[in-house]
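Remarks on the overall topology
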Amino acid sequence: MEETLEKVEIIKQNSNHLRGTIKEVLESDSDSFEEDDKQLLKFHGLYQQKWRGKELPKEQQGHSFMIRGRIPGGRLTSEQYSVWDALGDKYGGGALRLTTRQSVQLHGLLKGSLKDIMKQLYKISLSSMGACGDVVRNVTQAVNFTGSKEIHKLDEIANLLSDHFKYKSRSYPEIWLDEEKLDIIEEEPIYKDAYLPRKFKIAVTLTGNNSVDIYTNDMGFAATIGKNGEIEGYFVFAGGGLGMTHNKAATFPRKADCLGWIEAKDLIPVAEGIVTAHRDYGDRTNRKHARLKYVLADKGVDWFRAEVEKRANIKFINKELPEWNTPNYLGWHTSTDGTLSLGFHTLAGRIKDTPEKSLKSALKEIISNYKLSVQITADQDLILIGIQPSDKEKILKRLNELHVNPESPSPLFNRALACPALPTCALALTESERFLPDVLKEFKVLLDKYDLMNKAPVIRMTGCPNGCARPYAAEIGLVGQQNGGKYAIYLGGDKEGTKMGSRIADKKTIPEIVTLFDPIFKKWKEEGKEDEYLGDFVERVGVSSFE
Ligand code: SRM
Ligand code: SF4
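Right, let's walk through the structure included here. Note that the structure is a prediction, hence the values are computed from the model and not measured.

Some points on the pairing of strand β19 (residues 486-491)
For β19, the tally of buried residues reaches five of six residues, placing the bulk of the element in the interior. With six bridges joining them, strand β18 (residues 476-482) and β19 adopt antiparallel strand pairing. Paired with V479 across the two strands is A488, which belongs to β19. Bridging between β19 and strand β20 (residues 502-508) involves four bridges; their strand directions are antiparallel. Looking across to β20, one finds that I489 is bridged to A505.

Concerning the packing of helix α4 (residues 78-91) against helix α5 (residues 114-123)
Two elements in contact, α4 and α5, have axes whose closest approach is 10 Å; the angle formed by their N-to-C orientations is 165 degrees. Taken as axis vectors, α4 and α5 run roughly antiparallel relative to one another. In this structure, the crossing between α4 and α5 has a hand that is right-handed. Residue-level contacts link V83, W84, L87, K90 and Y91 of α4 to D116, I117, Q120 and L121 of α5.

Things to note about the packing of aromatic side chains
One pass over the full model with this rule turns up 18 aromatic pairs. With 4.9 Å between their ring centres and 85 degrees between their planes, Y281 and W303 make a pair best called edge-to-face. Of this pair, Y281 sits in helix α8 (residues 267-281) while W303 sits in helix α10 (residues 301-312); the two residues are 22 residues apart in sequence, bridging distant segments of the chain. According to the relative accessible area criterion, W303 is partly exposed, its value standing at 26%. Measuring from centroid to centroid gives 5.3 Å for F443 and F517, while their planes differ by 65 degrees, and the two rings are edge-to-face. Residue F443 is found in helix α14 (residues 436-449), and its partner F517 is found in helix α15 (residues 510-527); the two are separated by 74 residues along the sequence. Each member of the pair, F443 as well as F517, is classed as buried. Ring pairs connect the aromatic residues F43, Y167, Y191 and Y195, which therefore count as one cluster. Taking the ring centre of Y215 as reference, the NZ or CZ of K255 above it sits at 4.7 Å.

Points about the sheet that holds strand β1 (residues 46-50)
An order of β1-β2-β5-β4-β13 is seen for the five strands of this open sheet, with the pairing classed as antiparallel. Whereas interior strands pair on both sides, the edge strands pair on one side only; in this sheet they are β1 and β13 (350-352). Strand-to-strand twist in this sheet, taken as the mean axis angle between neighbours without regard to direction, amounts to 25 degrees. With two bridges joining them, strand β4 (residues 95-98) and strand β5 (residues 104-109) adopt antiparallel strand pairing. By the bridge assignment, L98 is partnered in β5 with V104.

Digging into the site of ligand 2
Ligand 2 sits among C419, P420, A421, C425, L427, A428, T462, G463, C464, N466, G467 and C468. Residues of the shell around ligand 2, tallied by class, amount to eight nonpolar, four polar and no charged.

The rules behind the values
- Residues numbered from 1 in each chain as written.
- Chains lettered and ligands numbered in written order.
- Predicted model: local features only at pLDDT ≥ 70, side-chain atom pairs only at ≥ 80, totals over all residues.
- Heavy atoms only, no water.
- Buried < 20%, exposed > 50% of the residue type's maximum accessible area, 1.4 Å probe, protein only.
- Helix = DSSP H or I, 4+ residues; strand = E, 2+ residues; numbered from the N terminus.
- Pairing = 2+ DSSP bridges.
- Axes fitted to C-alpha atoms, helices over the stretch in contact; angles between N-to-C directions.
- Parallel < 35°, antiparallel > 145°, perpendicular 65-115°, else oblique.
- Left-handed = near helix turned anticlockwise from the far one by under 90°.
- Contact = heavy atoms within 4.5 Å.
- Phe/Tyr/Trp six-rings, centres within 6.5 Å; stacked < 30°, edge-to-face > 60°.
- Lys NZ or Arg CZ within 6 Å of the ring centre and 35° of its normal.
- Near = heavy atom within 4 Å.
- Nonpolar A, V, L, I, M, F, W, Y, C, P; charged D, E, K, R; others polar.

Here it is as structure tokens:
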């Protein structure tokens, strides 16, 4: 029996290459788009949202939009950062949100502002094209806070992959930039008319540096550097992804598999082989089973490897993968060119001014006055790059005047992540970002009780099981499960991001979670080895002893 295609598949096919009626609705009086266009808007980097909170009166809870940038590797020049900042002021309620894929989001936008935003981004050579939707999304890249020449080589690779997988449809410039419709037959050589069955995520890094959480991506490349200092090849990863649905065993987070090593010249054929295998074998009849990870899970890694070899006309080489590490970029570092970088901790990536501290103003002023470039990190922080040593004291003084501290409040906060969840995310079951500080404070008390702060675990929290803050790859993952503030608890990921945690408890409130972790930390304190982090301890004693 032939299975029915998902509705979104039909919408994509009939969309005239992602145009739908977006242009017409933009010009109309309506404040929002209907279902088909809402789906297509994602391919243009936009989500139509409704405010989900009690803070705003009902009449102000109308439709608004969230925009997400296409920013390969999270790299922005001083000018580009300043434009995002100004757009946040003009249209986004005075806030920016750094994302877990090194991008920027603005929330609360009204329909009338969208075109101006796109045009302003275009002027600084940026866009939101393909930042969401069933295409290759923002390509993430290892952080470079020391001016490493090797990591710098990845800039070109991230840009290359990002450009190669940009859709060819001219819908974006026609709708948002008022460019004229060309009289050409438009084709999507990679995506074809129905685009991919689902979103597709790529990360690039150097072997040994897992600042991109490579195992959680659909596809990843870890470069090896040859004796001549150039990239000689890549370890290739495929089939990672985290989204799942509670109580549906057929959906699950999955760690990517290493397919093997390839020579540098084979990067694009292999990348295309993997993306087109997803295009052709991804399940278009069920969006909950449509990610690349299910192709690998169902057909097997060996089958997938052979399929990519056939498509790319290469053979994967078997090599030993070096160990992973996650570098700590927070604080001050000296770059190879003698300038300094400052790894700036921003809690859950929310950049705004509050009565207590002028974080957004401070960043804007420093980045623009000292002409600093920045890199957004996959841990929702910001690295300020290119600071002259003679400016360090002036910058610190100014931050002090604005009551802004670039340091994280405690080691527990360093790598903690939370997704936006309420009030903007339509899929949120519980709070996340807004609760994170209090949750961390509770965990801090517990860690201090057992004198374990020197081994503070990586804690990540989300408002639903989709996993936007990658909780399953953390040492402790808190995953929104039910309204009333109830979370599922995951344990057993490690600091280097090489493992997936297991669920050890369901539907726990925050106070219940803290109570549950007291004996876990006690056991870790009593039975853990001196330098043993929580994830490694759980692995050694077995996660089943905590269920
Ligand atoms: Fe995500 C959907 C926010 C990274 C898995 N994600 C959403 C939406 C757009 C909700 C929606 O569909 O209506 C959220 C918007 C909330 C808001 O108000 O801003 C949202 N995701 C985010 C961000 C902003 C979280 C953050 O704290 O930074 C991240 C934006 C990244 C970017 O710049 O591109 C973000 N999302 C992720 C990640 C982590 C990653 O990629 O490293 C994941 C897990 C990895 C993965 O893809 O498997 C992730 N988001 C999802 C899913 C589940 C996909 C699945 O396979 O089931 C959804 C829901 C969906 O696609 O149906 C989702
Ligand atoms: Fe929304 Fe769920 Fe993603 Fe959080 S994890 S932003 S609640 S989709």
